[in-house]
Amino acid sequence: KPQIGVLALQGAFIEHEKMLQSLGATCHELREKSDLAAPLDGLVLPGGESTTQKKLLSDLGMYEPLREKIADGLPVLATCAGLILLARSATRDKCPYPSFGTLPVRVRRNAYGRQLGSFSTKGEIKGLGDFPMRFIRAPFIEEAAPEVDVLARVDGNIVAVRYGQQIGLAFHPELGTDTRLHAAFLSMIAS
Ligand code: GLN
């Protein structure tokens, strides 16, 4: 069984756990530094509020050990705020706490507006086809390095990428019923 660490400081982590468990994975909630000692095959960075998540990661001493694991190649599935945590840089983000910066993209935080920026649509994901996409005060990717694989765009804006073992999504597959992206994450880990 793949052992997946799910960052559980704040935000929509339980939904990821349910989906991954339904696909046969074991989930470990990461709430404090000592939770990082368990051997992990993969990591989920959930949606929520990236500023709060970044502050807690730093305050709890989890930032540096997690950054090292990701930089060393631990597979990551990051959604929404999680994507902001992975991104090398961000616009419209005044948060003083650091991002992991392991994904060479520039995100625009709250790219669709703060209040009215929540919507659902369908988009084509490379290798998967049509996929339901729910956006909640989401970022999008303004610019990606050439070596980043762009998996999906909505209205021309990049909303899904893969770079090495890191998958970054602006939307929330864990809030729907389509498990194909989580399954793809688990098969990326297995291969
Ligand atoms: N707006 C949030 C942020 O900037 C992200 C929203 C989400 O994760 N659903 O962190």
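What you are looking at is a predicted structure, and each value in this text was computed from that prediction instead of being measured.

A. Spatial organisation of the overall build of the protein. Along the protein, the regular secondary structure elements total 5 helices and 12 strands. Viewed in the frame of its principal axes, the protein has a C-alpha envelope of about 40 × 35 × 30 Å. The proportion of buried residues among the 191 residues of the protein is 42%. Restricting to contacts in the protein with at least 6 residues of sequence separation, those with at least 24 account for 63%.

B. Spotlight on helix α5 (residues 180-190). All buried positions along α5 are accounted for by Leu181, His182, Phe185 and Leu186. Buried residues in α5, looked at end-on, bunch into an arc of 145°, giving them a common side. Across from the buried face of α5, at angles greater than 90 degrees, the exposed residues are Ser187 and Ala190. Elements in contact with the buried residues of α5: α1 (14-22), β3 (42-45), β4 (76-79) and β12 (166-169).

C. Structural view of the UniProt feature "binding site: L-glutamine" (unreviewed entry) in the protein. UniProt feature "binding site: L-glutamine" (unreviewed entry): in the numbering of this structure it lies at Gly48, Glu49, Ser50, Arg109, Ile136 and Arg137. Of the residues just listed, which span 90 residues, no C-alpha pair is farther apart than 12.8 Å, and they cluster in one region. With respect to the element layout, Gly48 can be found in the loop between β3 and α2 (50-59). Apart from the residues within four sequence positions on either side, Gly48 is in contact with Gln10, Gly11, Ala12, Gln53 and Ala81. Judged by C-beta crowding, with 19 C-beta atoms within 10 Å, Ile136 ranks as partly exposed. Once you skip the residues sitting within four places of it in the chain, Ile136 turns out to touch Gly47, Cys80, Ser118 and His172.

D. Looking closely at the UniProt feature "active site" (unreviewed entry) in the protein. Taken from the UniProt record, the annotation "active site" (unreviewed entry) applies to Cys80, His172 and Glu174. A compact arrangement is adopted by the annotated residues: their sequence extent is 95 residues, whereas the largest C-alpha distance between any two is 11.1 Å. Its place among the elements puts His172 in the loop between β12 and α5. Once residues lying within four places of it in the same chain are set aside, the contact partners of His172 are Ala12, Gly47, Thr79, Cys80, Arg134 and Ile136. Tracing the backbone shows Glu174 in the loop between β12 and α5. When sequence neighbours within four positions are dropped, the list of residues in contact with Glu174 reads Ala12, Glu15, His16, Met19 and Thr79.

E. Representation of α2 in the model. When α2 is considered as a whole, its buried residues turn out to be Ser50, Gln53, Lys54 and Leu57. Projected down its long axis, α2 carries its buried residues within an arc of 95°, all on one side. Looking one or two residues beyond α2, the residue adopting positive phi is Gly61, at roughly 70°.

Conventions and cut-offs
- Residues numbered from 1 in each chain as written.
- Predicted model: local features only at pLDDT ≥ 70, side-chain atom pairs only at ≥ 80, totals over all residues.
- Helix = DSSP H or I, 4+ residues; strand = E, 2+ residues; numbered from the N terminus.
- Buried ≥ 20, exposed ≤ 12 C-beta atoms within 10 Å, placed from the backbone.
- Contact = placed C-beta atoms within 7 Å.
- Arc of directions from axis to C-beta.
- UniProt positions renumbered as here; feature names shortened; annotations may be inferred.

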